Each structure stands twice: as C-alpha cells, then as structure tokens.
Amino acid sequence: MSIPWTRDLDACSVGGAQWLVRAFYAFVLYLAAQALPDLGGLTRVRELQEIWPVWWMEWLPPGQGATIVFFGFLFAALLGVLFPERFAVRLVVALALLEYVALRNSEGRISHSLHLPVLVSFVFLLLPRQWHLAQPGTESARQLALVLRGAQAVMLLTYSMSGLAKLGASLYELAMGQVSSFHPSGFQRVIAGRLLETGSSSPFAQWIIDHPGWLTWPLLPGAIYFQCGAVFAAFRPALHQLWGLLLIVFHLGTGLILTIHFPVSVFLLALFLLGSPFRPTSFDVGRVLTELPLLSAFWRVASRRMFSPNVPASLPGGPGSASH
Amino acid sequence: MNSDEIFGHNRAARPLQEECRPFATRQPPSAFSVRLETKLTIALCAVFGLGLVSAVRGEIFPFASWFLFSRVPQQVTAYELRAVEWNGAKFDPPSSVTAVPHLLRSPQSSTVRDLIQRIGRATEQKTDVAPALAVFRQHLHADGRGIFAVVRLKYDPLERWRTGQMEAQELARLPWRPAER
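A brief report on the enclosed structure follows. (Residues numbered from 1 in each chain as written. Chains lettered and ligands numbered in written order. Predicted model: local features only at pLDDT ≥ 70, side-chain atom pairs only at ≥ 80, totals over all residues. Heavy atoms only, no water.)

Observations regarding the overall build of chain B
Part 1 of the argument: Across its full length, chain B holds 6 helices and 4 strands.
Part 2 of the argument: Along its sequence from the N terminus, chain B presents helices and strands in the succession α-α-α-β-β-α-α-β-α-β.
Part 3 of the argument: Pairs at least 24 apart in sequence give 58% of the contacts found in chain B among residues at least 6 apart.
Part 4 of the argument: For chain B, the exposed area adds up to about 10200 Å²; of that, 54% sits on carbon and sulfur atoms. (Helix = DSSP H or I, 4+ residues; strand = E, 2+ residues; numbered from the N terminus. Contact = heavy atoms within 4.5 Å. Areas by Shrake-Rupley, 256 points an atom, 1.4 Å probe, with all protein chains shown as cover.)

Spelled out as structure tokens, the structure:
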C-alpha cells in the first residue's frame, strides 16, 4: 500500500499555503511570548527529571539551563517569524521548540498539549528552497503542497492512533465481558473516573452522569470513528474542514466535560484544516459523503440505488421497489 | 486491496481532475519531489512506529503512543497521600494532601496527581520511592515537618460517584522532614 501523497495536490492554493507556513511561525512566537508570565517558575531553582533533549541541564548550575532554554526559544521564535524561508532558521526554531517543550515536560510527567507544534516544526524542515516565491503550477509549488500535506498527515495520524487505541481497548473489553466504549454507560464511567481522579467538577459531566446513558451514548463511539478516520481525511481535501470542525468540537467537549484542555491543538486544527489551502471553494455534501472513511461505501450503494437510471423500477433497489 | 480503495479515491472524478491538473501528472515529478515523498513517508512511519514503541517501553519524546483514555475504567486502583500531621497540626481522620490548605502550591496540578500515584505504586511494590518524593518536595508550598499516610483506594467509578462507596487501605506512613541544605 502506498500513501497517496499527490492525490488532489493541485487543489492546493499556493498563496494560502505560504500564508499558513508564516502563520505557524507567528504562532510559535505566540507560544514563547505566552510563557513569559511563567518565566519565574520555569527558571526557579528546583529538582527536575530531565527528559533526553534537556539532559545537558544537569551539568549547569540549577536554574541556568532553564533560562538558556527559555531565552533561546524566544530568540529563535522571533527569527522564525522574520526569516521562515531560511532552512537554518527553521532548524533553530524546531530545536529550540523541542528544548522548550522538553523543559516543560521535565517535572515528572509528560503532557501532550505541545507535541503537535514540535512535530510540525520538524516536518517544515522539508520545505523546498524558495517556497515563499513559489508560483502556481511550478515544481516548487508542488513541493510546498506536499510538505503541507505531510504536516496535516502527521497531525491527524496522532488522532488516528488515539482512536485505534480506543477501538482496540473496546474490542478487548467486549471480549472480556467488561463495559466498553460502546456500552451506554461507557462514557459515564470515563467521566466519573476522570473527575474522581482529578478531584475536579463540571456541570456538563454531572448532567451526563445523572441522565440515562443512551442519551449521550453516540458521543464516544462517534469520537472513536472520526479519530480513527482522521489520517485518511488528510488525503481528502473535501473532508478537511469537516474533520477540523469535528476534532475542534471534540477538544472543546473534552475541555468542558473532562477538564482536559488542548488549546494549542485547537489552534493548529483551525489553521491546518479549517484554513486548509486544499479545501474546496464550496462545501459539497455529496462529495463529502463519497469521501467518508468506511461509511462512503454505504453512501455509494444508496446513491446508486436512488439516482441510477439503469435500474428498472421493478428490480430490487429500483425506484418504487420498496412498495412491493 | 490497493491504496485507491483504502483511501476511497473517487475514480469517476479522475478524468476531469487530469484535465485541470497543472503539475501533478503532465510532467513526471522531479527527483526532489520523489525524495520528498519518501521523506514524508518516513516521517509518518516514525510517528506511528515510535509511538507504538512508546506505548510499550515508555515515551520517546516527542513521540507518543497517544493512547489517551483508551480504557473504560471498570474497577479502579488509585493512591492517595494523606496528611496525618503537618507542621504541628494533627488531622483526624487524615486528610488528602490536596485538601490541606497551604500544603501544596498547586493542589489540582496533574503533575502532583501523577507524583502521588508514583509514590503509591512505589510504596506498594516496595521499590525506591525517594526520586518521586524528591520531586514532590518541589511542589510543597513550603517545606515542613510531618507524617504522610500512603493509602490505596479501590472503587467502581460510577458507584463511588453516586454513593461515595470505596475501599481504602493504608499502606505505609512516611515521616517527612525539611530537606537538608
């Protein structure tokens, strides 16, 4: 099986793609600036459990390594906004971002809210020379489009992995006779488990647990479906905006119900999918239905039966056959 | 099964796309583009492959398994750190450290929560608890003197949520002294 990197590649708006790359580096600068209020906490003398990108901090006096990482990141992010067309600058930004996120995750626990920008910054190292001057129809534009598709695919693959894990776990739970994600009380259990673990509360969570499970039952299996299908959506421009919206709603929902917040991912989904340079100029429901992962097969059969002029009315599937 | 079937390519739409396509098929892609596709495939495989390895052997930052909330909690085993004494104040019954005012800087922090679970697991499995306690010390509002109890909780999440019912067992008591400077 090969990966359809070039599928509908010509749908990419070159200007939109160039704008998107610049917007990403502006966002990296925003991340650096947003960390300024935490500077005191970040550089405070404290015991860290350094993960590998910041292992060298052990050799410096306490607090000094964190100061270098933070100001290095701030400086690199500024360079990234000014000169994103230069490979060396993009490399410095990717490494500085890696160091900064590693520092933030060196307190005994790894959080995943900042992983996506790190992965995207490394994919952007593959941008072609002169990407910022690319004209539609040129080889340079094609390569720019390919790299953007790569960034979208990497981002969406992480969601598919999460969905596949839930699906696998559900099948295991079903086999073991346990409550799974497909059980009406599955979502209620996930919520209760999370809120008891964190000691947090949410009015939405309380409402869901207090009402019959079947009312909110579709939420978890639905989330598993569009998480699993996310990586396929990367290669189908007609699905970009729909999947972007679904995943953003998913993050907002997990924030409101489970108190799990991924604001950085929400922004990147809005940038790369809602604002996808591959997106069609208009929202075509029929096209979306024919592109849905797995479910498109049902739509194709249904539409063939509904719209095919070759099927006589008296045959199964033909117009009017349902009345017999 | 080929990639078109798996990725749901709409074959009917293909001829029109071929007509409109400015660069994809009329000229063969350059060697650079072919190499680029290979590099992107490697990147995608790395995210997937190292993510799976992370699931088994622990996270290889910045890759992750992304196995977040995969399991539906059935019977939960969790740990709680309860203050028995802290800076002269006695707690009867012992109170969760996250509920004692001015004991932790950020009682609701997920890092603190994970640290407490690590302390609990290490205590129960009788492995070295010192590294987790050293990091836990960084999260205290101010260092002090006291006694903490490590408690194991077992519960069904829905039942505990609705009735408060759970099983609690004290595993150990940890005397706490200010760090030597």
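Notes on the overall build of chain A
Part 1 of the argument: Along chain A, the regular secondary structure elements total 15 helices and 0 strands.
Part 2 of the argument: Evaluated residue by residue, chain A yields a buried proportion of 53% over its 324 residues.
Part 3 of the argument: Across chain A, every contact between residues at least 6 apart in sequence was considered, and the portion connecting residues at least 24 apart equals 72%.
Part 4 of the argument: By element, 69% of the accessible surface of chain A is carried by carbon and sulfur atoms, the whole surface being about 14100 Å².
Part 5 of the argument: Separation between the mean location of the 20 positive side-chain charges and that of the 15 negative ones in chain A comes to 9 Å. (Buried < 20%, exposed > 50% of the residue type's maximum accessible area, 1.4 Å probe, protein only. Lys, Arg positive; Asp, Glu negative; His and termini not counted. Charge placed at Lys NZ, Arg CZ, Asp CG, Glu CD.)

So, the side chain of R113 of chain B
Part 1 of the argument: Its location among the elements puts R113 of chain B in helix α4 (residues 110-125).
Part 2 of the argument: Judged by relative accessible area, which is 11%, R113 of chain B ranks as buried.

A short note on a nonpolar patch on the surface
Part 1 of the argument: The grouping of W52 of chain A together with L50, V53 and I60 of chain B at the surface amounts to a nonpolar patch, some 320 Å² of accessible area in total.
Part 2 of the argument: Summarising the element assignment, L50 of chain B is placed in helix α3 (residues 31-57). (Patch = residues over 30% accessible without salt bridge, like charges linked within 9 Å, V, L, I, M, F, W, Y side chains within 5 Å. Salt bridge = Lys/Arg side-chain N within 4 Å of Asp/Glu carboxyl O.)

A closer look at the pattern of salt bridges
Part 1 of the argument: Per the stated rule, a full pass over the model turns up 13 salt bridges over all chains.
Part 2 of the argument: In this structure, the salt-bridge partner of D156 of chain B is R189 of chain A, at a minimum N-O distance of 2.8 Å. Of this pair, D156 of chain B sits in the loop between β3 (146-155) and α6 (157-163) while R189 of chain A sits in helix α7 (residues 186-198), which puts the two residues in different chains. In this structure, D156 of chain B and R189 of chain A share a single accessibility class: buried.
Part 3 of the argument: Several salt bridges share partner residues, and in doing so they unite R7, D8, R287 and E291 of chain A into one network.

Considering the packing of aromatic side chains
Residues and elements named next belong to chain A.
Part 1 of the argument: Per the counting criterion, the structure on display carries 17 aromatic pairs over all chains.
Part 2 of the argument: Ring centres of F73 and Y100 lie 4.5 Å apart, and the angle between their planes is 15°; on these two criteria the pair is classed as stacked. In this pair, F73 is assigned in helix α3 (residues 64-82) and Y100 in helix α4 (residues 87-104), connecting sequence segments 27 residues apart. Assigned by exposure class, F73 and Y100 land together as buried.
Part 3 of the argument: Taken together, the ring pairs connect F24, Y25, F124 and F272 into an aromatic cluster.
Part 4 of the argument: Above the face of the F83 ring, R86 is positioned so that its terminal group lies 4.7 Å from the ring centre. (Phe/Tyr/Trp six-rings, centres within 6.5 Å; stacked < 30°, edge-to-face > 60°. Lys NZ or Arg CZ within 6 Å of the ring centre and 35° of its normal.)

Regarding the environment of F272 of chain A
Residues and elements named next belong to chain A.
Part 1 of the argument: With respect to the helices and strands, F272 occurs in helix α13 (residues 263-274).
Part 2 of the argument: Judged by its relative accessible area of 1%, F272 falls in the buried class.
Part 3 of the argument: It is 31 Å that separates the C-alpha atoms of F272 and S303, two residues lying 31 residues apart in sequence.
Part 4 of the argument: The residues touching F272, leaving out its near neighbours within four places in the chain, are L20, F24, V120, F124, L148, A151, Q152 and M155.

Details of the state of the cysteines
Note on terminology: a disulfide is the covalent bond linking the sulfur atoms of two cysteines.
Part 1 of the argument: The tally for this structure, following the rule as stated, stands at 0 disulfides over all chains.
Part 2 of the argument: With no disulfide of its own, C228 of chain A lies 18 Å from the sulfur of C45 of chain B, the closest cysteine sulfur.
Part 3 of the argument: A relative accessible area of 15% means that C228 of chain A is categorised as buried.
Part 4 of the argument: Classification of C45 of chain B by relative accessible area gives partly exposed; the value is 46%. (Disulfide = S-S within 2.5 Å.)

Some thoughts on the nonpolar core
Part 1 of the argument: One finds F24, Y100, F124 and F272 of chain A to be the most contacted residues of the largest nonpolar core, which totals 90 residues.
Part 2 of the argument: Per-element accounting of this core gives the leading share, 14 residues, to helix α6 (residues 139-175) of chain A.
Part 3 of the argument: Look past the residues within four positions of Y100 of chain A in its chain and what remains in contact with it is L31, A35, L42, V69, F70, F73 and L114 of chain A.
Part 4 of the argument: Membership of the second largest hydrophobic core comes to 25 residues, among which are I191, I208 and I209 of chain A together with V84 of chain B. (Core = buried A, V, L, I, M, F, W, Y, C linked by side-chain atoms within 4.5 Å.)

A few points about the environment of V76 of chain B
All names here are of chain B.
Part 1 of the argument: Inspection of the secondary structure puts V76 in strand β1 (residues 76-86).
Part 2 of the argument: Distance from V76 to Q108, taken between C-alpha atoms, is 20 Å for residues 32 residues apart in sequence.
Part 3 of the argument: Filtering out sequence-adjacent residues up to four positions away, V76 remains in contact with L153, K154, Y155 and P157.

Considering the interface of chain A and chain B
Part 1 of the argument: Chain A puts 82 residues into the contact, and the matching count from chain B is 60 residues.
Part 2 of the argument: Each partner contributes to the roughly 6900 Å² buried at the junction of chain A and chain B, and carbon and sulfur atoms together form 64% of this total.
Part 3 of the argument: Interface area lost by chain A to chain B is led by M161, R189 and L196 of chain A, which between them contribute 10%.
Part 4 of the argument: At the surface where chain A touches chain B, the tally comes to 4 salt bridges.
Part 5 of the argument: A salt bridge links R71 of chain B to E173 of chain A; the nearest nitrogen and oxygen atoms lie 2.8 Å apart.
Part 6 of the argument: One can count 19 residue pairs in polar contact (both at pLDDT 80 or more) joining chain A with chain B.
Part 7 of the argument: For the side of chain A that touches chain B, the secondary-structure elements that each account for two or more residues are α4, α5 (115-123), α6, α7, α8 (203-210) and α14 (285-291) of chain A.
Part 8 of the argument: Of all the elements, α6 of chain A adds the most residues to the side of chain A that touches chain B, at 18 residues.
Part 9 of the argument: Of the residues that constitute the side of chain A that touches chain B, the class distribution is 39 nonpolar, 24 polar and 19 charged. (Buried area = accessible area lost by both parts, 1.4 Å probe. Polar contact = N/O pair within 3.5 Å; in protein donor to acceptor, adjacent residues only side chain to side chain. Nonpolar A, V, L, I, M, F, W, Y, C, P; charged D, E, K, R; others polar.)

With respect to helix α10 (residues 219-228) of chain A
Residues and elements named next belong to chain A.
Part 1 of the argument: Most of α10 is tucked away: 7 of the 10 residues are buried.
Part 2 of the argument: Among all positions of α10, only L220, P221, A223, I224, F226, Q227 and C228 are buried.
Part 3 of the argument: Buried residues along α10 sit against α6, α7, α11 (230-233) and α12 (237-258).

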